[in-house]
Amino acid sequence: MTTKSESEEEYLVEPDRLRRRCAPERFDFNTTAEVEGLGEVVGQKRAVEAVSFGIDIGSPGYHMYALGPPGTGKSTTVQKFLKNRAPEKPTPSEWVYVYNFEDPDKPCYLKLPKRKGGELRDDMEELVEKLKTEVPRAFRTEDYQQEHEKIQKQHQQSQQKILQNLDETAGEEGFTVLQTSRGLVLAPVVDGEVLSPEQINNMDEEERDQLKSQRDQLQEDLREAVYKLRKLKETSREQIKELDREVVEFSVSHLLDQLKEKYESHENVIDYLASVEDDIGERVGEFKRLGRDSSNNPLQFFWDEEAFLKNYKVNLLVDYSDSEGAPVVVESNPTAYNLIGRIEHTGEFGTMKTDFTQIKPGALHRANGGYLIVEARDLLRKPFAWEALKRALKNEEIKTEVMGQEYRTVQVKSLEPQPIPLDLKVIIIGDPLIYYLLYNLDEDFQELFKVKADFSVETDWTEELEGKYASFIAGLCKDEGLLHFSPEGTAQLIEHCSRMAGDCKKLDTKFGDIVDLIRESSYWAEREEKEFVGAQSVKKAIDKRIFRSNRIEEKIQELIEEGTILIDTEGEEPGQVNGISVVPLGDYRFGKPSRITARTYAGSEGVVNIDREIELGGKIHNKGVMILTGYLGDRFATETPLTLSASLTFEQLYEEVEGDSAASAELYALLSSLSGLPLRQDLAVTGSVNQRGQIQAIGGVNDKIEGFFKVCKRRGFSGRQGVIIPASNVKNLMLKEEVVEAVKNGDFNVYAVADVKEGIELLTGCYAGEKDAQGEYPSDSVFGRVQQRLVELAEKVREFKRDE
């Protein structure tokens, strides 16, 4: 084991702080088969309280947006709450559309209690079927035939009497009445023969004038007779129509009376039935055509009996007859029509036709009186869907219409159903980015979605929570028939949850990933013919998952090992340090060491970041580099100007550099280049830095340590290799067990520093230095050498300018 200096020992992180343990002996079961399944949501206290509040509050505008990264249990939590709460709520009313007899293009709705909508639909279907048989049968009865013949006979007798009287009057004047295609006409008669036009023309003028005078006198009698005949015909037609009406009313009145009696407590249905009765009375002619054979009547062929009777049917939008409590609707494809409903059309003789029975419900209809759940991304990707949903919620009504009419060149005529009142709770499931974009850019969103259920990706690791995780494992294993976990397997899984959270005081709450790991652990245990899932099966599932995803990491490690990517793990070099970055690859991420170099020389350009100059540096990384100038100025240029030129770069890096976690490493490289003191190459460095020289926490600390650890392991441990991290990141350490064992054995080291001075002392083995009363650093300290070098560079610049 290599002996460490006092400064190294001071900053060394003890092995027991590198990984938190979950003690299996805390669990009082042999396997999770003995544990009750979890009946609550784990680790989401804030979100659970928000969901409970959002579901219970009934005020307008309190719809809910559940936000959080994928896998945090948003949908599961919401649906679990609704599963418990919805049955306690009353079953909502049923809605039906009926024909509007006053304005057929604007169907009306009826609101009915549970089951009554379906009953009314069935009753009206039965009424229509009875109309098809009862009415034609009534017109075929002997009584109707006799009454009909009686009216016709009376009509014929009265008609003959009028014509006979007219004929007698005309005969007295030498005329007769002829019935032609043009109606009744007067014709002169001589000796019982009607005179022809030639005979009339052969008369002398005096005879023709006398004939004309006699005809003019009879013309008034003819007009009176024609008038009487017309009135007689109208009277006869009205009598037949009244007879038909009586027959139809007699056929249907008892049917309608039964319905009125059944729905007497529903005023809206009574009004509708009254409209049906009035319409039937007005359309007696169509009812007479029911049941006729169309083969011998062309007009009957073009008459649609079903379309005529459809007006008396009922379109039931939502049937709650088999439901209890409030409905919970999850709309997976929230298009505008799937939300507000649609009006379907059918092709007939080259045209598109529709009617009120072709109004189809949407998710808002099905969820009315209950709850609607939609995914934010699915909703926003569908044209017109978001606006349609907002309009419905703002107006508190569902208006089914043809979407995008304002964008059409030719307007399409369609129905305008009466909007249905809306009362429901909408829950949108989505990620935080969409929530904040909508909140800041859509003013309606703030007014409509006032409940924010924020799901976290982590929760505090407590002994109580360990028990809940065990219950969660037990419930999943029972539900899916998986092998149960031993206490050791449970402890191993919980420790991995802490690694996923990246903090030894936290546990991950992305249960989608946790569920996958439980399933995979069960698979490997079952494959190895184990009775339960132990720690080794969990480790194997983790290792296999990594193996499926770490091909690129392995390739980079190979390139480092063979020297293609230059990374030193021993020796010392001035102006050169090992930095570490994290490479995310979707489902997997890893730490990747990189060589950072700095060169300083005479000039006044300041610190030049090569990666920024060629636009490979991200904004946060560039900010971190600029902070270095502030640190140098504060430390070394309080009395004299900072005059130098320096260049910084990540060697062999060909993608964008982002983040400020390499800022401390870059500063160490600068200080080394200025002081001339070499830096240890067996150490890698990570950590942000501020202008005061304080080392700040960074993300991915475990991945970074393990990334450099793998390089050292491949090349062989020297006992001095290790990683310098910010002291504020020690609480996040949850390293792999092999790293912890290596530290215990003295093969690898983890150092924690809080200030640049501590870090530079570790890397150089030299005292950093403190200013004396005159503002000078000791000449043999790191900062003293830097100060002296900066003075020399400034002198060279002044001499050069003086020589010029």
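Look up: the structure comes first, before these words.
Residues numbered from 1 in each chain as written. Predicted model: local features only at pLDDT ≥ 70, side-chain atom pairs only at ≥ 80, totals over all residues. Heavy atoms only, no water.

J.: What exactly am I supposed to notice about helix α25 (residues 663-675) here?
T.: Three or four residues apart is the spacing at which side chains of an α-helix point the same way, because the helix has 3.6 residues per turn. In this model α25 runs 18 Å from its N-terminal to its C-terminal C-alpha over 13 residues, within 8% of the 18 Å that 1.5 Å per residue would give. Within α25, 13 of the 13 residues are buried, which leaves it mostly tucked inside the rest of the structure. Immediately downstream of α25, the backbone of Gly676 shows phi near 80 degrees, a positive value. (Helix = DSSP H or I, 4+ residues; strand = E, 2+ residues; numbered from the N terminus. Expected span 1.5 Å × (residues − 1). Buried < 20%, exposed > 50% of the residue type's maximum accessible area, 1.4 Å probe, protein only.)

J.: Just to check I follow, could you spell out the pairing of strand β1 (residues 64-67) for this structure?
T.: Consecutive side chains along a regular strand alternate between the two faces of the sheet. Here β1 shows no split at all, with Met64 and Ala66 on one side and Tyr65 and Leu67 on the other all buried. Across 4 bridges, β1 lies against strand β16 (residues 425-430) in parallel orientation. Residue pairing in the sheet places Leu67 in a bridge with Gly430 of β16. The pairing of β1 with strand β17 (residues 451-454) spans 4 bridges and is parallel. If you follow Ala66 over to β17, its bridge partner there is Ala453. (Pairing = 2+ DSSP bridges.)

J.: Got a minute to help me understand the nonpolar core in this structure?
T.: For soluble globular proteins, the rule of thumb is that nonpolar side chains tend to be buried together. Tyr469, Ile518, Ile705, Ile725, Phe748 and Val750 are the most contacted members of the largest nonpolar core, which totals 67 residues. Considering each element in turn, this core owes the most residues, 8 residues, to helix α18 (residues 463-480). Residues contacting Phe748, with those up to four places away along its chain left out, are Ile705, Phe708, Phe709, Cys712, Phe717, Gln721, Gly722, Val723, Val739, Ala742 and Val743. Core analysis: the next-biggest nonpolar cluster, separate from the first, contains 45 residues, Phe636, Leu648, Ala663 and Leu667 among them. (Core = buried A, V, L, I, M, F, W, Y, C linked by side-chain atoms within 4.5 Å. Contact = heavy atoms within 4.5 Å.)

J.: Could you clarify how one ought to interpret the side chain of Asp508 in this entry?
T.: Mapped onto the elements of the fold, Asp508 is located in strand β19 (residues 506-508). Within the buried set, Asp508 has no salt-bridge partner at all; the shortest N-O distance to an opposite charge, 4.3 Å, is to Lys510. A polar contact of 2.7 Å, which involves the side chain of Asp508, links it to the backbone nitrogen of Lys510. In contact with Asp508, other than residues within four places in its own chain, are Val457, Glu458, Tyr469, Cys497, Met500, Ala501 and Ile514. (Lys, Arg positive; Asp, Glu negative; His and termini not counted. Salt bridge = Lys/Arg side-chain N within 4 Å of Asp/Glu carboxyl O. Polar contact = N/O pair within 3.5 Å; in protein donor to acceptor, adjacent residues only side chain to side chain.)

J.: Explain the environment of Tyr523 to me, please; I cannot follow it from the model alone.
T.: Mapped onto the elements of the fold, Tyr523 is located in helix α20 (residues 511-527). Judged by its relative accessible area of 43%, Tyr523 is partly exposed. Tyr523 sits 14 residues away from Ser537 along the chain, and the two C-alpha atoms are 8.7 Å apart.

J.: Looking at this model, I keep getting lost on the sheet that holds strand β2 (residues 94-98). Mind explaining?
T.: Sheet strands pair via backbone hydrogen bonds, and the direction of the pair is either parallel or antiparallel. Ordered in space as β3-β2-β7, the 3 strands form an open sheet in which the pairing is antiparallel. The open sheet has two free edges, formed respectively by β3 (108-112) and β7 (314-316), since each of these has just one partner strand. Ignoring strand direction, the axes of neighbouring strands in this sheet form an average angle of 30 degrees. The sheet contact formed by β2 and β7 spans 3 bridges and is antiparallel. Note that in β7 the partner of Tyr97 across the bridge is Asn315. Lying over the sheet, helix α4 (residues 116-139) contacts β2, β3 and β7, oriented at roughly 150 degrees with respect to β7. Sitting on the sheet, helix α8 (residues 267-282) touches β2, β3 and β7, and the angle it makes with β3 is about 140 degrees. (Axes fitted to C-alpha atoms, helices over the stretch in contact; angles between N-to-C directions.)

J.: How should I be thinking about unusual backbone geometry in this particular structure?
T.: Peptide bonds are trans in most cases, and residues, glycine excluded, mostly fall at negative phi. Within the chain, Glu396 stands out as a residue other than glycine whose phi angle is a positive 55 degrees. Locating Glu396 in the fold gives a position in the loop between α15 (385-395) and β14 (397-398). The exposure class assigned to Glu396 is partly exposed, which follows from its relative accessible area of 45%. Look at Glu529: it is not a glycine, yet its phi comes out positive at around 60 degrees. Along the chain, Glu529 turns up in the loop between α20 and α21 (535-549). Judged by its relative accessible area of 71%, Glu529 falls in the exposed class.

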